[in-house]
Amino acid sequence: QVQVVESGGGLVQPGGSLILSCAASGNIFSVTTMGWYRQTPGQQRELVASINRGGNTNYAASAEGRFTISRDNAKNTVYLQMNSLKPDDTAVYYCNVQVISYPIEPGVTSYWGQGTQVTVSS
């Protein structure tokens with residue numbers, strides 16, 4: 001009963017910037033950790049950045065210093081500000097949301113968005 005929808009992907013030039021957004025909705029009691037992952041063909045999906053409800057963040061080494069993750073708890077929305085983009089950043093970016101739906105569903109359930117393509121090229 002939880003929907004996760006990403007937006008903001010597209011084609012950008014090297015050195016450019018892009019903002020990704022992800023909104024979770026549905027049967028949500030509380031959203032704990034939210035994060036962004038990316039995946040290229042033939043490779044494993046990898047963490048780009050994550051943020052918990054208290055605002056603590058975690059970044060992949062390749063993203064730290066260039067990307068900034070933030071969230072709006074009132075809107076159950078997470079953002080990824082990407083600056084100084086490189087061709088190696090090209091991938092499908094997926095939003096992950098960890099949701100507590102208690103008492104309907106015990107514990108924490110992880111939900112994924114459908115992915116949004118980010119392409120960095122000249």
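The model shown is predicted, which means the values in this text are computed figures rather than measured ones.

Undergrad: Break down the sheet that holds strand β1 (residues 2-7) for me, with residues and values.
TA: Consider a sheet: its strands pair through backbone hydrogen bonds, and that pairing is either parallel or antiparallel. Taken in spatial order, the four strands of this open sheet run β1-β3-β8-β7, and their pairing is antiparallel. Of all the strands in the sheet, just β1 and β7 (67-72) have a single pairing partner and so form its edges. Across the sheet, the axes of successive neighbouring strands diverge by a mean angle of 15°, strand direction being ignored. Bridge count for β1 against strand β3 (residues 18-26) is six bridges, and the pairing is antiparallel. Bridge assignment links Gln3 to a residue of β3, and that residue is Ser25.

Undergrad: Explain the nonpolar core residue by residue, including any values.
TA: Grouped together as the largest cluster of nonpolar side chains are 29 residues, with contacts concentrated most on Trp36, Leu80, Met82, Tyr93 and Val97. For this core, the secondary structure elements donating two or more residues are β1, β3, β4 (30-39), β5 (46-51), β7, β8 (77-82), β9 (91-101) and β11 (116-120). At five residues, the largest contribution of residues to this core is made by β9. Those residues in contact with Met82, other than ones at most four positions away along the chain, are Gly16, Ser17, Leu18, Leu20, Arg66, Phe67, Tyr93 and Val118.

Analysis parameters
Residues numbered from 1 in each chain as written. Predicted model: local features only at pLDDT ≥ 70, side-chain atom pairs only at ≥ 80, totals over all residues. Heavy atoms only, no water. Pairing = 2+ DSSP bridges. Helix = DSSP H or I, 4+ residues; strand = E, 2+ residues; numbered from the N terminus. Axes fitted to C-alpha atoms, helices over the stretch in contact; angles between N-to-C directions. Core = buried A, V, L, I, M, F, W, Y, C linked by side-chain atoms within 4.5 Å. Buried < 20%, exposed > 50% of the residue type's maximum accessible area, 1.4 Å probe, protein only. Contact = heavy atoms within 4.5 Å.

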